[in-house]
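# Observations on the model geometry
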Amino acid sequence: MIDRTYTRSFLQLVLPLCLILCSVNAMAQCAGIDDSITICEKDADDANKTFNLFTVLGGTPDPGGTWSTNDPANFYALDRNTGIVNLWEVKNSGSHEFTYTNICGGAEESAVVTVMLGGYPGEDNIDGSADACGDDPAVNLHGFIGDETEGKFQDFNGTWDAITPEAIPHLSLNFFDAESAGPGIYEFTHTVPAVGSCPSRQATLLLEVQRPANSGIGSGLTLCTTDDLSVYTDFDLNSLLEDEDINGTWSEGAETNQLSDLTDHNIDIQAIRDNHIYGSFSFTYTVYPSHAVCDIHRTTVEINILPAFRGTMTAPNFCEGPPRYRIDITDYDDTLISDGTYTVSYRLDSDSGFQIDAAQLTLNPDRTGFFEVDANSVRKNETTTLSITSLGLDVCADIQIAPIQFIVTEPIANVTDTCEGDDVPVTLSDIFDPSFTRANGTYDVNYTITAPSGTETAHIASTITFNSGSAEFAIPASLITESGEYDFDFEVDNGFPMECDITSTAIITAIPEAIQLDVVVDNSCNATGIDVLVTAPTLVDGAYIVTYEVVSQETNAVLIDNTINFSGGTADYQIDVATLEQGNYTITVKSTQNDTTPCRTQFDFEVNENFAIEGVPALPEAEPLQTLCLASFAPALPTLQDIVVEANGEILFYDTAEDLDILPLDTQLVDGEDYFISNIDPNNNCEGSDRIQVTVSLSDPEMPTLVEGSPAFCGSENPTVGLLNTSVASSDGIVWYDSAIGGNVLDNNETLTHGKSYFAATEVSGKCQSSGRIEVIPIVYELEAASLEFSTLALCGLDEPTIANLREAESNNPYDVLWYDTPENGSPLDGSTLLVSGTTYYAESYNPDTGCMNPDRKAITVDLTNCDPEDYGFFVPDGFSPNGDGRNDTFFIPNIEVIFPEFTLEILNRYGTTLFKGDQNNPAWDGKNGSGTAPNGVYFYIINYNKEGHTPVQGRLYLNR
């Protein structure tokens, strides 16, 4: 109903001002005059969607102005240019002002239209179509009373009241706490207030709160991979839930493969551990609601199998000084824990107490690792026990690393300054043994000597006795080869875990210059005179006494003797032997030093010389013709010292019987050459006057001839050196070497290496070999094993893929690839052979040019369920007609068993009762309800695709017989 009121009395009251007012009104007519209108039931007339405010203005407004509103809630309901307002879009009842503005004679004028708008409470909803889920704490009641089909929306400034007493405590403004109220039917009213002459209006709502699905409260289970899990081989997942509905089903991730069907809720955790070692494994309990207004409810529980830390911890004993001490992990079990960085907590125990600290532990891919201990936490000179207590919450608390012991100390070495030629005294102290107490018992001491010249030598002092961590021993004088300052570095062996430097220095003083004596015999075979030569340093204190005597070798009688006294320098004395008879003699010259020079170690000196009067030695003995095999001396040639001679004394070689020039022993022999040999008698230094003759013959068999320089073999046949014999020709035996000269003899069973040079020599009668060798370089065709990009190949079985499709998995193989369905032996498969899902195929590398193959086959498993539903027109039918006419008699989803092989299908009636459960083995519903027949009507389906990336779907289907 619309009431329009025009007030005219105002003009009669102000008649005396008529002329002025008429002038003003004439100016304001372009914007019109303020006016109002009352509309009680805006929802009763479609014309209110396009209500023209311009028609309400009083006076004679001119068109062309603009409209505005002071209420932002009405901004989008108003067309500012036309003044058309959609009153159905004005969501609040009451007074609403709209201003019209126009330009009048160059000035801006305005008029206001006031719309008194009655309230619209919405539509009654009492037919049972209003449902809410019992797990919703804030159900917006406004959502049930609007008429969205006609574009009607209730006012927002109405008042909601609960008629059902049980609903009153749970209603707040327009929100109803269905979760607290619980399932049931509740009545509410929405009332909009009276506006002016417009009465109050009310809408009634009957809301049914449906019972929600409840999958319960889940709890996790945490175990260690090293635990005894035999008690978990039949673990009931239901034990991890509380307060759950019993009509739910369990599902799992693809990696566990424990649940056999939707009724299964028992798993073998020990088998999961055996297959995966460790990890977090999810299982989900799903409960479907009895009404579609409620969501499917899921609770996921986690079975956490924690990795375990098992291995060996080692540490040396440390010298005090560095800020941190490195602790090494060796041979940790990388099947129980992965490499990476962890926070390790550790405890240090010693006689002074304990310390607890943490550090970063690095585990390397090669099963080694390390962490560092803060040096401030370790007590010096006390046995410290280190224990790892934790690697954090993500690693099993049962740390299977045995504690270790070490000690931090500062060992001391002291080496005493010594004279050259004397043993060097060494004292070690503060040395600890492997039991971490000061050493007692015998130990080996390794030490390094660095001479003044920088020369470094390593030595060992065995079984040194220690007492309370101290020991004394001496470094042999023979190891001291220079005088000056030496550096010494010591390490106690026999299990000592010390790794710190034990060093010292010492000054080695040189031995003073000694007296030098020499005897010169003019002719060793028939002496006539002897010179005694003396060189002596300047004495610090004392005198030189030199004596000499000539003794008969036959009678040991002293035939000539004398004493010489002098005070240093040089001297030359002549000894007359003219009175001696024929025979062998020895002259001895002696001196005694008695000065007090520091580090004097040698005080007595002596020199001897043998000579003869009319003495000639016996001739040498040797085979007159000697044959030598050149290959025995390659790459060099035989020399004089290779001639076999037996003689008393030193052997001398000459070119001729009369030649006086002695040939050097490294003189190379010449084939067919004659050599002459004599010797010197050691009793008198006399060389014999006669010589024997030896003729040399040098033998060198002819080397083999080459038949095939580059024979070819297949590496898969494991060719050996013996196969190379056919590549050379020889009338004698063949011996193979690894180099052209010298080298090693190769066994015929040794495996050939591609491109390596092998050298064949001739061997005559198993003795002399040819010095020349022929080279053979075999070609061994080694094929790389076939390589694949991946170990599984996902294809769509609807495409009927064949062996040829396996080429997609090949990884740039340089050779041909043959495919088999067995890991070894068998026959290659034709490219047109259809693939079988779940079957493992094997790739083998093959070179058709050489006929060689690599028998190491690589495996790939085929999955034929990789089908994109959109590519194959996948759809879910919306109905079927099980009337037995042979057409559309079952509810069946085409190709679902190929695209989603793990799918499950559930058919429910409108009351939520399950009529049918299907899967790949039972994919089609024939319209039966147990033993009965389901009536025509609407049914609901729930499809779980059970495939990553595809969420479950629900829908309706129509059964029409």
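The structure this text deals with has already been given above.
Summary of the structure given here. Note that the structure is predicted; figures quoted are calculated from it, not measured. (Residues numbered from 1 in each chain as written. Predicted model: local features only at pLDDT ≥ 70, side-chain atom pairs only at ≥ 80, totals over all residues. Heavy atoms only, no water.)

Time to look at the overall build of the protein. The number of helices and strands found in the protein is 5 helices and 71 strands. A compact globule built from 961 residues would reach a C-alpha radius of gyration of about 30 Å, whereas the protein, at 57 Å, exceeds it by more than 25%. Along the first, second and third principal axes, the C-alpha set of the protein runs to 185 × 80 × 75 Å. For the protein, the residues scored as buried account for 41% of the 961 residues in total. Expressed as a percentage of contacts within the protein between residues at least 6 apart in sequence, the contacts between residues at least 24 apart total 64%. (Helix = DSSP H or I, 4+ residues; strand = E, 2+ residues; numbered from the N terminus. Rg over C-alpha atoms; globule rule 2.2 N^0.38 Å. Buried < 20%, exposed > 50% of the residue type's maximum accessible area, 1.4 Å probe, protein only. Contact = heavy atoms within 4.5 Å.)

Moving on, we come to the pairing of strand E13 (residues 184-192). If a strand is regular, its side chains alternate between the two faces of the sheet. With 4 bridges connecting them, strand E10 (residues 159-162) and E13 associate as antiparallel partners. Paired with Thr159 across the two strands is Thr191, which belongs to E13. Examined bridge by bridge, E13 and strand E14 (residues 201-210) share 9 bridges and lie antiparallel to one another. Paired with Thr191 across the two strands is Gln202, which belongs to E14. (Pairing = 2+ DSSP bridges.)

Right, let's talk about the environment of Lys858 for a bit. Considering the arrangement of structural elements, one finds Lys858 in strand E64 (residues 852-863). For the pair Lys858 and Phe892, spaced 34 residues apart in the sequence, the C-alpha separation amounts to 40 Å. A polar atom in the side chain of Lys858 sits 3.1 Å from the side chain of Asp856. (Polar contact = N/O pair within 3.5 Å; in protein donor to acceptor, adjacent residues only side chain to side chain.)

Strand order across the open sheet formed by 5 strands is E34-E40-E39-E36-E37, with mixed pairing between neighbours. Bordering the open sheet on either side are strand E34 (418-419) and strand E37 (456-466), each of which pairs with just one other strand. The pairing of strand E36 (residues 441-450) with strand E39 (residues 484-492) spans 6 bridges and is antiparallel. Of the residues in E39, the one forming a bridge with Val445 is Val492.

Another aspect to go through is helix H4 (residues 269-276). Looking only at H4, the buried set comprises Ile269, Ala271, Ile272 and Arg273. The elements touched by buried residues of H4 are strand E16 (221-224), strand E17 (235-236), strand E20 (266-267), strand E21 (279-287) and strand E22 (297-306). Positive phi appears at Ile277, one or two residues downstream of H4, with a value of about 70 degrees.

Turning our eyes to something else, we now look at the nonpolar core. With 29 residues, the main nonpolar core has Phe309, Ile327, Phe371, Leu386 and Leu391 as its most contacted residues. Those elements that provide at least two residues to this core are strand E25 (324-330), strand E26 (340-350), strand E27 (353-363), strand E28 (369-374), strand E29 (384-390) and strand E31 (404-406). Considering each element in turn, this core owes the most residues, 4 residues, to E26. Ignoring sequence-local partners within four residues, the contact set of Phe371 consists of Met313, Tyr325, Arg326, Ile327, Ile329, Val344, Tyr346, Ala359, Gln360, Leu361, Leu386 and Ile388. Among the nonpolar cores identified, the runner-up in size contains 27 residues, and Val521, Val550, Tyr585 and Ile587 belong to it. (Core = buried A, V, L, I, M, F, W, Y, C linked by side-chain atoms within 4.5 Å.)

This part is about the packing of aromatic side chains. Tallied over the full model, the rule gives 22 aromatic pairs. With 5.5 Å between their ring centres and 80 degrees between their planes, Phe54 and Tyr100 make a pair best called edge-to-face. Highlighted residues: Phe54 in the loop between strand E3 (51-52) and strand E4 (66-69) and Tyr100 in strand E6 (residues 94-104), separated in sequence by 46 residues. Ring geometry for Tyr443 versus Phe466: centroids 5.8 Å apart, planes at 80 degrees, classification edge-to-face. Remark: Phe466 occurs in strand E37 and Tyr443 occurs in strand E36; sequence separation between them is 23 residues. Comparing Tyr443 with Phe466, the two get one shared label, buried. Through successive ring pairs, a cluster of aromatic residues spans Tyr447, Phe473, Tyr486, Phe488 and Phe490. (Phe/Tyr/Trp six-rings, centres within 6.5 Å; stacked < 30°, edge-to-face > 60°.)

Below, the discussion takes up the side chain of Asp177. Examined against the element boundaries, Asp177 turns out to sit in the loop between strand E12 (175-176) and helix H3 (178-181). Arg211 provides the closest opposite charge to the buried, unpaired Asp177, separated from it by 16 Å. There is a polar contact of 3.2 Å between the side chain of Asp177 and the backbone nitrogen of Glu179. Those residues in contact with Asp177 that lie beyond four places of it in its chain are Asp136, Pro137 and His170. (Lys, Arg positive; Asp, Glu negative; His and termini not counted. Salt bridge = Lys/Arg side-chain N within 4 Å of Asp/Glu carboxyl O.)

Let us look at the state of the cysteines. Considering all chains together, one arrives at 9 disulfides under this definition. A sulfur-sulfur separation of 1.1 Å characterises the disulfide bridge that pairs Cys30 with Cys104. Sign of the S-S torsion, about -50 degrees for the bond between Cys30 and Cys104, identifies this disulfide as left-handed. On the criterion of sequence distance, the pair formed by Cys30 in the loop between helix H2 (18-28) and strand E2 (35-39) and Cys104 in strand E6 is long-range, its members being 74 residues apart. Like Cys30, the residue Cys104 is buried in the burial classification. (Disulfide = S-S within 2.5 Å.)

Once that is clear, we can look at the pairing of E37. Sheet topology places E36 next to E37; 9 bridges connect them, and they run antiparallel. Note that in E37 the partner of Asn446 across the bridge is Ile460. Connecting E36 to the antiparallel partner E37 that follows it, the hairpin turn spans 5 residues, and Gly454 within it adopts a positive phi of roughly 95 degrees.

Here we come to the pattern of salt bridges. What the rule picks out here adds up to 13 salt bridges. As a salt-bridge pair, Arg347 and Asp349 come within 3.0 Å of each other at their nearest N and O atoms. Classification of Arg347 by relative accessible area gives partly exposed; the value is 29%.

Let us look at the sheet that holds strand E43 (residues 544-552). The strand order across the open sheet formed by 4 strands is E44-E43-E46-E47, and the pairing between neighbours is antiparallel. In this open sheet, the two edge strands, each paired with only one partner strand, are strand E44 (558-566) and strand E47 (604-613). Mean inter-strand twist for the sheet, computed between neighbouring axes without regard to direction, equals 15 degrees. As paired strands, strand E46 (residues 583-592) and E47 are joined by 10 bridges and run antiparallel to one another. In the strand pairing of E47, Thr586 is matched with Asn610. (Axes fitted to C-alpha atoms, helices over the stretch in contact; angles between N-to-C directions.)

With that settled, the discussion passes to unusual backbone geometry. Between Ala634 and Pro635 the backbone carries a cis peptide bond, its omega angle lying at 10 degrees. By secondary structure assignment, the location of Pro635 is in the loop between strand E48 (625-629) and strand E49 (650-654). Positive phi outside glycine occurs at Asp243, with the angle close to 65 degrees. Examined against the element boundaries, Asp243 turns out to sit in the loop between strand E18 (241-242) and strand E19 (249-252). With a phi close to 50 degrees, Asn718 is a non-glycine residue in the positive phi region. Mapped onto the secondary structure, Asn718 falls in the loop between strand E54 (712-714) and strand E55 (728-729).

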